[in-house]
Amino acid sequence: MKYIEGGVCAAKGFKASGLHCGVKSRKLDKKDVALIVSDCDCAAAAVYTKNVVKAAPLHVTKAHLADGIARAVIANSGNANACAPHGEENAEKMCGFVTDALGIPSENVIVASTGVIGQTINTAVIENGMPELVSLLDYNGSQMAADAIMTTDTVRKEAAVEIELEGKIIHIGGISKGSGMIHPNMGTMLCFITTDAAISSKMLKTALLDTVNVTFNRISVDGDTSTNDMCVIMANGLAENTEITEQNENYNIFVAALKELCQTLARKMAADGEGARHLITCTVNGADSIEKAETIAKSVISSTLTKAAIFGCDANWGRVLCAMGYSGAEFDPETVDVAFKSNAGEIQVCLSGRGLDFDEDLAKKILTEPEIEILIGLKEGDKECTCWGCDITYDYIKINGDYRT
């Protein structure tokens, strides 16, 4: 497997575009509608937010994917179309615009939205923008689409990988957005993945569920799970490999590549947390189960006080142990080791549940780096898990204090 360029258009037969239609204020001068289209029908699958309150596009997309077939995605930023008047009607209208412009049946169109909750989306501006959006469709259009789904994101998020199956070259690529309102449980994140692999919709669904659980469900920015989280994958089969219809060796190779891709996108989202200055990678090892290691790692990356300590470059390992203790996982505090690590070095701060004398200047230097690792050892088994988060800064409050207005 190797990383390649192309993002969501890396796979054969996929083109994309992005445009400022007017969902967002013209003053922002940012793209706000993305379109992704395959040259032919695709096997497709999706996973959605676990929030009980779900945005209208999720209900529409779920209905459209009941047969496991899709060909296009239309997505907007700037308005979540959640808890809004005529929500599902407007989501269906967006699919209809794709039908009118490209002749793709509405039920084969996936629709997604992200942005402010509770406001009626202006579908008229999307309809007016469709001719130009279609004219901009390009087999190298991933960046346009990636830009169009951003809200408070500061950088576009795209990645692509290449693998070989039985002599056939397979491409998997994707774009995502997510900066705030991110917490394990599928999330505000959107992710669109494309591949030219031939794989059944049933296997695609299984692969996506397995992947999301160990990638996007292991990141947290602020502890909030969005109403709009959605991760979609479409496979058009143009690589002409033998169709994957069971969990065989080819399936395992495909899933490994998909997990690598999604982990890259997940890390990009965690690193771009609203106002964040540090990516936090927490690895718990020596656990007697992966579930326990994951529970503890998630608790640590979600801890506001741990986030604040990392922001202040303060090696306050007590915050880490505290977060472990209320995680709900059973472990022996007397066996816990904690260390901090970055490109500037590594320093152990806790051994067998007790604090160590350590070089504060070195600790400060380590914690000043952009990516910080929190390494936790439980000494009870051989299982481990890694989760990703970010620090919390003054800017997070500024960004979210006036998000709606």
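Structure: above.
Thresholds, definitions, all that
Within every chain, residues take consecutive numbers counted from 1 along the sequence as written. Only residues with pLDDT of at least 70 get local features here, since the model is predicted, and only at 80 or more are side-chain atom pairs given and counted; chain-wide, interface and lining totals rely on the full set of residues. By convention in this description, side-chain values take in all heavy atoms of the structure and omit both hydrogens and water. Here a helix means four or more residues in a row that DSSP labels H or I, a strand means two or more in a row labelled E, and each is numbered from the N terminus. Atoms counted for the radius of gyration: C-alpha only. Globule rule: 2.2 Å times residue count to the power 0.38. Relative accessibility decides the category of a residue: with a 1.4 Å probe and only protein chains considered, values under 20% of the type maximum give buried, values over 50% give exposed, and everything between is partly exposed. For the accessible areas, the method is Shrake-Rupley and the probe is 1.4 Å, while residue cover comes only from the protein chains on display. The pairing criterion for strands is at least two bridges between them, as found by DSSP. In the sections that follow, a salt bridge refers to a side-chain nitrogen of Lys or Arg positioned within 4 Å of a carboxyl oxygen of Asp or Glu. Take the buried Ala, Val, Leu, Ile, Met, Phe, Trp, Tyr and Cys residues and link them wherever side-chain atoms come within 4.5 Å; each set so joined is a nonpolar core. When checking whether two residues touch, look at their non-hydrogen atoms; a contact exists if any pair is within 4.5 Å. Residues with no salt bridge and a relative accessible area higher than 30% make up the patches, which join like charges within 9 Å and nonpolar side chains (Val, Leu, Ile, Met, Phe, Trp, Tyr) within 5 Å. In summary, the charge assignment counts Lys and Arg as positive and Asp and Glu as negative, without counting His or the chain termini. Charged side chains are reduced to one point each, which is NZ for Lys, CZ for Arg, CG for Asp and CD for Glu. Lines fitted to C-alpha atoms define the axes here, with helix axes fitted over just the stretch in contact, and angles between the N-to-C directions of these axes take values from 0 to 180 degrees. By the definition adopted for this analysis, an angle is roughly parallel if under 35 degrees, roughly antiparallel if over 145, roughly perpendicular if from 65 to 115, and oblique otherwise. A clockwise turn of the near helix away from the far one marks a right-handed crossing, whereas an anticlockwise turn of less than a right angle marks a left-handed crossing. Ten residue types, Ala, Val, Leu, Ile, Met, Phe, Trp, Tyr, Cys and Pro, are classed as nonpolar, four, Asp, Glu, Lys and Arg, as charged, and the remainder, Gly among them, as polar. By definition here, a helix of n residues has an expected span of 1.5 Å times n minus one.

**Student:** Any chance you could explain the overall build of the protein here in plain terms?
**Tutor:** Looking only at helices and strands, one finds eleven helices and 15 strands in the protein. Against the globule reference of 22 Å for 405 residues, the protein gives a C-alpha radius of gyration of 22 Å, in line with a compact fold. For the C-alpha atoms alone, the extent of the protein along its principal axes is close to 70 × 55 × 35 Å. Burial analysis of the protein (405 residues in total) assigns 57% to the buried set. For the protein, the computed accessible surface area is about 16,100 Å², with 48% contributed by carbon and sulfur atoms.

**Student:** I tried to follow the pairing of strand E2 (residues 14-19) on my own but got confused; where do I start?
**Tutor:** Along any regular strand, the residues point their side chains to alternate faces of the sheet. Of all six residues making up E2, five are buried, and the element is well covered by its neighbours. Direction of pairing for E2 relative to strand E3 (residues 33-48): antiparallel, over a ladder of six bridges. Residue pairing across strands places Lys15 opposite Val37, the latter belonging to E3.

**Student:** Explanation requested: the pattern of salt bridges in the structure shown.
**Tutor:** Opposite charge on two side chains permits them to pair, given that their charged atoms come into close proximity. For the structure on display, the rule yields eleven salt bridges. When the shortest N-O distance is used, the salt bridge between Lys298 and Glu294 registers 3.2 Å. One end of the pair, Lys298, and the other, Glu294, are both in helix H7 (residues 290-302), four residues apart, so they sit about a helical turn from each other. On the accessibility criterion, Lys298 (23% relative accessible area) is partly exposed. One network of salt bridges, in which partners are shared, links Arg218, Glu294 and Lys298.

**Student:** When you look at the nonpolar core in this model, what are you seeing that I'm missing?
**Tutor:** The nonpolar side chains of soluble globular proteins are, as a tendency, buried together. Core analysis: the largest hydrophobic core is formed by 39 residues, its most contacted members being Ile172, Ile193, Phe216, Cys231, Phe254 and Leu258. Elements represented by at least two residues in this core include exactly E3, strand E6 (157-165), strand E7 (168-177), strand E8 (190-195), helix H5 (201-214), strand E9 (230-235) and helix H6 (249-271). Ranked by residue count, the leading element in this core is H6, at eleven residues. Counting 34 residues, the second-largest nonpolar core is a separate cluster that includes Cys282, Phe331, Val336 and Phe340.

**Student:** Please clarify how the environment of Leu208 should be interpreted in this entry.
**Tutor:** Relative to the elements of secondary structure, Leu208 occurs in helix H5. For the pair Leu208 and Ile233, spaced 25 residues apart in sequence, the C-alpha to C-alpha distance is 7.5 Å. Discounting residues that sit within four places of it in the chain, Leu208 has contacts with Ala45, Ala46, Val47, Ile193, Cys231, Ile233 and Leu258.

**Student:** Quick question: what am I supposed to make of a negative patch on the surface here?
**Tutor:** Taken together, the side chains of Asp314, Asp359, Glu360 and Asp361 present a region of like negative charge at the surface. Classification of Asp359 by relative accessible area gives partly exposed; the value is 42%.

**Student:** Quick question: what am I supposed to make of the packing of helix H1 (residues 56-64) against helix H2 (residues 87-102) here?
**Tutor:** Packed helices, taken two at a time, are described by the angle their axes make and the gap between the axes. It is at 8 Å that the axes of H1 and H2 come closest, and there the two elements cross at 55°. Comparing the axis directions of H1 and H2 gives the class oblique. Here the hand of the crossing between H1 and H2 comes out right-handed. Contact residues: H1 offers Ala56, Pro57, His59, Val60 and His64, while H2 offers Gly87, Glu88, Ala91, Glu92 and Cys95. Taken together, the residues of the contact of H1 with H2 sort by class into five nonpolar, three polar and two charged.

**Student:** Just to check I follow, could you spell out the pairing of strand E12 (residues 345-351) for this structure?
**Tutor:** With five bridges joining them, strand E11 (residues 337-342) and E12 adopt antiparallel strand pairing. Among the inter-strand pairings, Phe340 is bridged to a residue of E12, identified as Ile347. The loop that links E11 with its antiparallel partner E12 comprises two residues. Two strands pair when backbone bridges link them, and E12 and strand E13 (residues 354-355) are joined in this way by two bridges, in the antiparallel orientation. The residue of E13 that forms the bridge with Cys350 is Gly355.

**Student:** Where do I start with the sheet that holds strand E10 (residues 279-287) in this structure?
**Tutor:** Two strands in a sheet stick together by hydrogen bonds in their backbones, pointing the same way (parallel) or opposite ways (antiparallel). Pairing within the open sheet is mixed, and its six strands lie in the order E13-E12-E11-E14-E10-E15. Across the chains shown, the open sheet's two edge strands, defined by having one partner strand only, are E13 and strand E15 (383-390). Where H6 meets the sheet, its contacts fall on E10, strand E14 (371-377) and E15, and the angle it forms with E15 comes to roughly 40°. The strands touched by helix H10 (residues 360-367) within the sheet are E11, E12 and E14, with E12 carrying the most contacts at an inclination of about 120°.

**Student:** Please clarify how H2 should be interpreted in this entry.
**Tutor:** Since there are 3.6 residues in each turn of an α-helix, residues three or four apart along the chain are aligned in direction. In a regular helix each residue adds 1.5 Å, so 16 residues correspond to 22 Å; H2 covers 23 Å between its end C-alpha atoms and thus fits that length. Every buried residue belonging to H2 is among Gly87, Asn90, Ala91, Met94, Cys95, Gly96, Phe97 and Val98, and all of these are buried. Contact partners of the buried residues in H2: E3, H1, strand E4 (69-79), strand E5 (109-116) and helix H3 (123-135).

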